[in-house]
Amino acid sequence: MAHRSLDKLDKKILHLISEDARIPFLEVARACNVSGAAIHQRIQKLTNLGILKGSQFVIDPEKIGYETCAYVGLYLKNPEDFDDVVAALKKIPEVVECHYTTGGYDLFIKIYAINNHDLLNIIHDKLQPLGLSRSETIISFNAVIDRPLPVPDDVISDK
């Protein structure tokens, strides 16, 4: 895995924007004692290197009616159907993450549902028809830690 060394300015920029993606570039420039143009250039460089993957607004699922967060381990009847199942999972809006992992699961997904009954319907009506032999569901009561990764002092992956 390739790594890129970042200088102090890159690291300071990443630290500032990871804390607040809406921070104005001029405020970042002032905090870094450089010009706004220099910040724009550095942000573009970090984006081109794939270190920055964009910015987004984070919506609180509970505030828009999704009270249940669950993690579901999926076991496929036919693991060779992996690509087709992933394509089908992409069409289910309640599935917000999908991971190919080590261990017993063929896939591990994160789902938001309106409530537990809605979760049951999603599993029964949307997931089971994808060719599951079975699934294991873990409901999350609350995320007690939810934060971005810190920027390492020495290197950062470019993948």
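To keep things clear, this report deals only with the structure shown in the data block.

Cut-offs and rules
- Here, residues in each chain are numbered from 1, in the same order as that chain's written sequence.
- It should be noted that, the model being predicted, local features are given only for residues of pLDDT at least 70 and side-chain atom pairs only at 80 or more, the latter also being counted only at that level, while totals for whole chains, interfaces and linings use all residues.
- With hydrogens and water excluded, all non-hydrogen atoms of the structure serve as input to the side-chain values.
- Working definition of a nonpolar core: buried Ala, Val, Leu, Ile, Met, Phe, Trp, Tyr and Cys residues. They are joined through side-chain atoms within 4.5 Å.
- Residue exposure (1.4 Å probe, protein chains only): buried if accessible area is under 20% of the type maximum, exposed if over 50%, otherwise partly exposed.
- The helix count covers DSSP runs of H or I at least four residues long, the strand count covers runs of E at least two residues long, and both are numbered beginning at the N terminus.
- Here, two residues are considered to be in contact whenever any of their heavy atoms come within 4.5 Å of each other.
- Both site types are read off a 1 Å grid over the protein atoms alone. A 1.4 Å probe that fits but cannot get out defines a cavity, while an open set with protein on both sides within 12 Å along at least five of seven lines defines a pocket; lining residues have an atom within 4 Å of a point.
- Grid points are joined across faces, edges and corners, and a volume is the space filled by probe spheres set on the points.
- Charged residues are taken to be Asp, Glu, Lys and Arg, nonpolar residues to be Ala, Val, Leu, Ile, Met, Phe, Trp, Tyr, Cys and Pro, and polar residues to be all remaining types, Gly included.
- For two strands to be treated as a pair, DSSP must find at least two bridges joining them.
- Between 30 and 60 degrees the pair is tilted, below 30 it is stacked and above 60 it is edge-to-face, where a pair is any two Phe, Tyr or Trp rings, Trp via its six-membered ring, whose centres lie within 6.5 Å.
- A positively charged side chain is recorded as over a ring if its NZ (Lys) or CZ (Arg) lies within 6 Å of the ring centre. The angle to the ring normal must also be within 35 degrees.
- For a helix, the expected span equals 1.5 Å multiplied by the number of residues minus one.
- Note that the arc is computed from the directions linking the helix axis to the C-beta atoms.
- We call two N or O atoms a polar contact when they sit within 3.5 Å, provided that within protein one can donate a hydrogen and the other can accept it, with sequence-adjacent residues counted only if both atoms are side-chain atoms.

Another point: the nonpolar core. Among the nonpolar cores identified, the biggest contains 18 residues, and L74, L89, I109, I111 and L127 are the most heavily contacted of them. Listing elements by their share of this core, those giving two or more residues are β2 (68-76), α4 (82-90), β4 (107-113) and α5 (116-127). Excluding anything up to four places from it in sequence, L74 contacts L89, Y105, D106, L107, I109, L127, L132, R134 and S135. One finds L16, I17, L46 and I51 within the second-largest nonpolar core, a separate group that totals 15 residues.

Here the focus is the layout of surface pockets. Its volume calculated, the largest pocket comes out at about 2,000 Å³. In this structure, the largest pocket is lined by 50 residues; those nearest its centre are Q56, V58, D146, R147 and P148. Going through the elements one at a time, α1 (8-19), α3 (36-48), β2, β3 (95-99), β4 and β6 (155-157) are the ones with two or more residues in the lining of the largest pocket. When residues in the lining of the largest pocket are grouped by element, the largest group, four residues, is from α1. Partitioned by chemical class, the residues of the lining of the largest pocket number 27 nonpolar, 10 polar and 13 charged.

This brings us to the pairing of β2. Among the nine residues of β2, eight are classified as buried, and the element is accordingly described as predominantly covered. Sheet topology note: the β2/β4 ladder contains seven bridges and is antiparallel. Considered in β4, the bridge of C69 is made with Y112. Relative to strand β5 (residues 132-140), β2 runs antiparallel, the two being bridged by eight bridges.

Per the counting criterion, the structure on display carries four aromatic pairs. Between the aromatic rings of Y105 and F108, the centroid separation amounts to 5.5 Å while the plane-to-plane angle is 25 degrees, which identifies the pairing as stacked. Among the residues examined, F108 registers a relative accessible area of 21% and is labelled partly exposed. In this structure an aromatic cluster arises from ring pairing among Y71, Y75, Y105 and F108. Directly above the aromatic system of Y75 lies the positively charged group of R134, at a separation of 4.0 Å from the ring centroid.

Between the first and last C-alpha of α1 there are 17 Å, a value that for 12 residues agrees with the 16 Å anticipated at 1.5 Å per step. All of the buried residues along α1 are L9, D10, I13, L14, L16 and I17. Mapping the buried residues of α1 onto a view down its axis gives an arc of 170 degrees, with all of them on the same face. Across from the buried face of α1, at angles greater than 90 degrees, the exposed residues are K8 and E19. N-cap assignment for α1: the residue whose side-chain oxygen lies 3.1 Å from the backbone N of L9 is D7.

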